[in-house]
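# Commentary on secondary and tertiary structure
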Amino acid sequence: QVQLVESGGGLVQAGGSLRLSCAASGTIFSIDNMGWYRQAPGKQRELVALIFRSGYRKYADSVKGRFTISRDNAKNTVYLQMNSLKPEDTAVYYCKVSMGPSEYWGQGTQVTVSS
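All values derive from a computational prediction rather than experimental measurement.

## Focus on the side chain of Lys-96
Its location among the elements puts Lys-96 in strand S9 (residues 91-99). Assessed through its relative accessible area of 8%, Lys-96 is described here as buried. Setting aside its immediate chain neighbours within four residues, Lys-96 contacts Leu-4, Asn-33, Met-34, Gly-35, Tyr-37, Glu-103, Tyr-104 and Trp-105.

Written out as structure tokens, the structure reads:
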């Protein structure tokens with residue numbers, strides 16, 4: 001009933017930038033938190049950034065100062081601007097949307113940063 005479609009991933013060189021987008025569609029009543037997670041091969045999925053309905057933002061220490069999360073509530077869309085990318089940022093990035101007690105995940109988009 002709720003679908004999240006991600007876009008914007010790709011291959012970039014270290015120091016480059018990418019902007020990820022995640023648009024929610026379907027039965028949308030009120031979105032609470034929107035966030036980005038990532039999972040590298042052989043590693044656990046980790047929180048990258050989270051934005052609350054109030055606009056408050058939370059970042060993983062590893063990306064703080066380099067990544068910026070934002071949201072457009074009217075479009076039910078969350079973005080992740082990634083600057084100064086590092087090889088260790090290479091992972092599959094997943095969008096997550098929370099509505100009440102429910103959580104929805106995007107399909108994932110690959111981000112590869114070459115050294």
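## Overview of the state of the cysteines
Enumeration according to the criterion identifies one disulfide in this entry. Note on cysteine connectivity: Cys-22 is disulfide-linked to Cys-95, with sulfurs 2.2 Å apart. Judged by the sign of its S-S torsion, about -80°, the bond between Cys-22 and Cys-95 is left-handed. Taken as a pair, Cys-22 in strand S3 (residues 18-26) and Cys-95 in strand S9 lie far apart in primary sequence, 73 residues in all. Each member of the pair, Cys-22 together with Cys-95, is buried.

## A closer look at the sheet that holds S3
Strand order in this open sheet of four strands is S1-S3-S8-S7, and the pairing throughout is antiparallel. Both edges of this open sheet fall to strand S1 (2-7) and strand S7 (67-72), since each of them pairs with a single strand only. With strand direction ignored, the average angle separating the axes of adjacent strands in the sheet is 15°. Pairing of S7 with strand S8 (residues 77-82) involves six bridges; the strand directions are antiparallel. Looking at S8, one finds that Phe-67 is bridged to Met-82.

## Some remarks on the side chain of Thr-77
Residue placement: Thr-77 occurs in strand S8. Reaching out from Thr-77, the side chain makes a polar contact with the backbone oxygen of Lys-75 at a distance of 2.9 Å.

## So, the pairing of S9
Of all nine residues making up S9, eight are buried, and the element is well covered by its neighbours. Across six bridges, the pairing between strand S4 (residues 34-39) and S9 is antiparallel. Across the sheet, Gln-39 pairs through a bridge with Val-92, a residue of S9. For S9 and strand S11 (residues 109-114), the ladder comprises three bridges, and the chain directions are antiparallel. Among the inter-strand pairings, Ala-91 is bridged to a residue of S11, identified as Val-111. Where S9 and strand S10 (residues 102-105) come together, four bridges link them in antiparallel fashion.

## Remarks on the pattern of salt bridges
Pairing between side chains becomes possible if they bear opposite charge and their charged atoms approach one another. Under the definition given, this model contains five salt bridges. In this structure, Arg-38 and Glu-46 form a salt bridge, with 2.8 Å as the shortest nitrogen-oxygen distance. Looking at Arg-38, the relative accessible area reads 6%, which means it is buried. Close ionic contact of Lys-96 with Glu-103 constitutes a salt bridge, the shortest N to O distance being 3.4 Å.

Basis of the calculations
Residues numbered from 1 in each chain as written. Predicted model: local features only at pLDDT ≥ 70, side-chain atom pairs only at ≥ 80, totals over all residues. Heavy atoms only, no water. Helix = DSSP H or I, 4+ residues; strand = E, 2+ residues; numbered from the N terminus. Buried < 20%, exposed > 50% of the residue type's maximum accessible area, 1.4 Å probe, protein only. Contact = heavy atoms within 4.5 Å. Disulfide = S-S within 2.5 Å. Pairing = 2+ DSSP bridges. Axes fitted to C-alpha atoms, helices over the stretch in contact; angles between N-to-C directions. Polar contact = N/O pair within 3.5 Å; in protein donor to acceptor, adjacent residues only side chain to side chain. Salt bridge = Lys/Arg side-chain N within 4 Å of Asp/Glu carboxyl O.

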